[in-house]
Amino acid sequence: MESVEAKEENVTGKPAGEVSRLRLALLLAALLGGNAALALGAWFVRMADTGPVAAGFWRLALAVPFLLLLARVNGQAVLSIGPKRIAIVVLAGLFFAADVAAWHIGIGMTRLGNAVLFANSGSIILMAWGFLSVGLFPKRSEWLAMASAVAGAGLLMGRSLEISQNTFYGDLLCLLAGMFYAGYLLILHDARRTVGGWSILFWTGLAGAPALLALSLSFVEVIWPTDWTAIVLLVVVSQLLGQGLFVYALGHFPPLIIGLSLLTQPAIAAMAGYFAFGEVLSALDVVGMLLLGSALVVAKAAQARS
């Protein structure tokens, strides 16, 4: 009988081991590429000539038709998921809109590396919430992670306060964005088991875009851009390419690897901040990022327990 390896070699023209290594390399490239694209979103928000909340509106609104198409192409139900699930996903979309609004405003006030790192703090918040809501006693590594997160955040915010009060407020807004994102994930906890990822992104975008437009109008922001370059890059690179690659790779790696990959986001954002805006990190900033980043990795790994 012909072996499975031989069949695979006949079909692909390559040995099975080589095919597996190639597939793993492609998945890793998708994971890292998705993180890089998401990290660059902060740069595009800073470069947009609209208000920050208006940039968030365009980010969601222009992506909605493409997300609908991607949901259809991947065979995911959109309209037939049921009114109860639609209501849940729409509520999650309002939380996502609040996350985008707080983050985009914070991006303009603090350093890019801080903005991206604090916005990713939702995983740490979810870990702490899980212990409180379920009564699950944390492991020693998880206690250390939470202490590391507090210490890292304290160092980064202390350094921001040394720069200016405005920078400190920017950190707080990005941390608030992480809290809203944690709420977004909690609301979708059950829905994600039955509703496809692209369908969720479509509905959250459809619900979140009008909320962001209303908020932008209330802030009397510039809504219509004179130069669409940054907005288009934000939609294509961050919302579509970044989310798409990340969603594609997400199901193929354990939470620990996902957590480690997230560390590339603040690193890339910090480099963009340095080269584009002259944002220099001190040794204390780097220590704070490492402490908060290590807590993020442990928090992601803890998802395997939930």
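Please read all numbers here as calculations on a predicted model, not as lab measurements.

In this structure, what is going on with the overall build of the protein chain? I would like to understand it.
For the protein chain, the count of helices and strands is 14 helices and 0 strands. Seen in sequence order, the protein chain has helices and strands lined up from the N terminus as α-α-α-α-α-α-α-α-α-α-α-α-α-α. When the 306 residues of the protein chain are sorted by exposure, 46% land in the buried category. The long-range share in the protein chain, meaning contacts at least 24 apart out of those at least 6 apart in sequence, stands at 86%. For the protein chain, the exposed surface amounts to about 14,800 Å²; the carbon and sulfur share of it is 71%.

What am I meant to see in the environment of Ile-200 here?
Counting through the fold element by element, Ile-200 comes out in helix H10 (residues 197–218). Among the residues examined, Ile-200 registers a relative accessible area of 5% and is labelled buried. Residues Ile-200 and Gly-93, 107 residues apart in the sequence, show an inter-C-alpha distance of 8.7 Å. Not counting the four nearest positions on each side in its chain, Ile-200 is found in contact with Val-89, Tyr-184, Leu-188, Arg-192 and Val-195.

Looking at this structure, how should I read the nonpolar core?
Generally speaking, soluble globular proteins have nonpolar side chains that are buried together. Trp-103, Tyr-184 and Leu-212 are the most contacted members of the largest nonpolar core, which totals 78 residues. Discounting residues that sit within four places of it in the chain, Tyr-184 has contacts with Ala-92, Phe-95, Phe-96, Ile-200, Leu-201 and Thr-204.

Mind showing me how you'd approach the side chain of Asn-114 here?
Of note, Asn-114 is situated in helix H6 (residues 112–119). Of the polar contacts made by the side chain of Asn-114, one reaches the side chain of Asp-171; its length is 3.3 Å. For Asn-114, the residues in contact, after removing those within four places along its chain, are Leu-156, Ser-160, Asp-171 and Met-289.

Teacher, can you tell me more about the side chain of Glu-221 here?
Within the secondary structure layout, Glu-221 lies in the loop between H10 and helix H11 (229–250). It turns out Glu-221 is buried and unbridged, and the closest side chain with the opposite charge, Arg-59, is 13 Å from it. Among the polar contacts listed, one links the side chain of Glu-221 to the backbone nitrogen of Val-53, at a separation of 3.3 Å. Engagement of the side chain of Glu-221 in a polar contact is seen with the backbone nitrogen of Ala-54, the distance being 2.8 Å.

Quick question: what am I supposed to make of the packing of H6 against helix H8 (residues 140–163) here?
Running from N to C, H6 and H8 point in directions that differ by 145°, and their axes come no closer than 12 Å. Here the hand of the crossing between H6 and H8 comes out left-handed. Along its contact with H6, which presents Asn-114, Leu-117 and Phe-118, the element H8 presents Ala-153, Leu-156, Met-157 and Ser-160. In terms of residue class, the contact of H6 with H8 is made up of 5 nonpolar, 2 polar and no charged.

Explain a nonpolar patch on the surface here, please?
Where nonpolar side chains cluster on the molecular surface, the patch consists of Leu-256, Ile-257, Leu-260 and Leu-263 and spans about 290 Å² of accessible area. Within the secondary structure, Leu-256 is located in helix H12 (residues 255–262).

I keep staring at unusual backbone geometry and nothing clicks. Help me out?
Negative phi values dominate among residues other than glycine, just as trans dominates among peptide bonds. In this structure, Val-220 takes a positive phi of about 55° despite not being glycine. In this structure, Val-220 sits in the loop between H10 and H11.

Explanation requested: the packing of aromatic side chains in the structure shown.
Two aromatic rings are characterised by how far apart their centres lie and by the angle between their planes. Enumeration according to the criterion identifies 11 aromatic pairs in this entry. Between the aromatic rings of Trp-58 and Trp-224, the centroid separation amounts to 5.4 Å while the plane-to-plane angle is 80°, which identifies the pairing as edge-to-face. On the criterion of sequence distance, the pair formed by Trp-58 in helix H3 (residues 52–61) and Trp-224 in the loop between H10 and H11 is long-range, its members being 166 residues apart. Residue Trp-224 is classed as exposed on the basis of its relative accessible area, which comes to 60%. Pairing Phe-202 with Trp-203 gives two aromatic rings, centres 5.3 Å apart and planes at 70°, and the pair type is edge-to-face. Neither residue differs from the other here; Phe-202 and Trp-203 are each classed as buried. Members of the aromatic cluster, each reached through a chain of ring pairs, are Phe-57, Trp-58, Trp-224 and Trp-228.

Whenever I open this one, H10 confuses me. Can you help?
Over its 22 residues, H10 extends 31 Å from the first C-alpha to the last, a length consistent with the 32 Å expected when each residue adds 1.5 Å. The positive-phi residue at the C-terminal boundary of H10 is Val-220, with phi of around 55°.

What should I look at first to understand the confidence of the model for the protein chain in this one?
In low-pLDDT regions, the fine details of the predicted coordinates are not to be read closely. Residue-level pLDDT values for the protein chain average 85, and 89% of them are 70 or greater. In the model of the protein chain, helix H1 (residues 4–12) stands out as the element of lowest mean pLDDT, 37, in contrast to H3, which has the highest, 97. Confidence over residues 1–13 falls short of pLDDT 50; this stretch has 10 contacts with residues more than four positions distant or in other chains.

How should I be thinking about the environment of Leu-94 in this particular structure?
Along the chain, the position of Leu-94 falls in helix H5 (residues 83–107). For the pair Leu-94 and Pro-210, spaced 116 residues apart in sequence, the C-alpha separation works out to 9.4 Å. When near neighbours in sequence (up to four residues on either side) are disregarded, Leu-94 contacts Ala-207 and Ala-211.

The rules behind the values
Residues numbered from 1 in each chain as written. Predicted model: local features only at pLDDT ≥ 70, side-chain atom pairs only at ≥ 80, totals over all residues. Heavy atoms only, no water. Helix = DSSP H or I, 4+ residues; strand = E, 2+ residues; numbered from the N terminus. Buried < 20%, exposed > 50% of the residue type's maximum accessible area, 1.4 Å probe, protein only. Contact = heavy atoms within 4.5 Å. Areas by Shrake-Rupley, 256 points an atom, 1.4 Å probe, with all protein chains shown as cover. Core = buried A, V, L, I, M, F, W, Y, C linked by side-chain atoms within 4.5 Å. Polar contact = N/O pair within 3.5 Å; in protein donor to acceptor, adjacent residues only side chain to side chain. Lys, Arg positive; Asp, Glu negative; His and termini not counted. Salt bridge = Lys/Arg side-chain N within 4 Å of Asp/Glu carboxyl O. Axes fitted to C-alpha atoms, helices over the stretch in contact; angles between N-to-C directions. Left-handed = near helix turned anticlockwise from the far one by under 90°. Nonpolar A, V, L, I, M, F, W, Y, C, P; charged D, E, K, R; others polar. Patch = residues over 30% accessible without salt bridge, like charges linked within 9 Å, V, L, I, M, F, W, Y side chains within 5 Å. Phe/Tyr/Trp six-rings, centres within 6.5 Å; stacked < 30°, edge-to-face > 60°. Expected span 1.5 Å × (residues − 1). pLDDT = per-residue confidence, 0-100.

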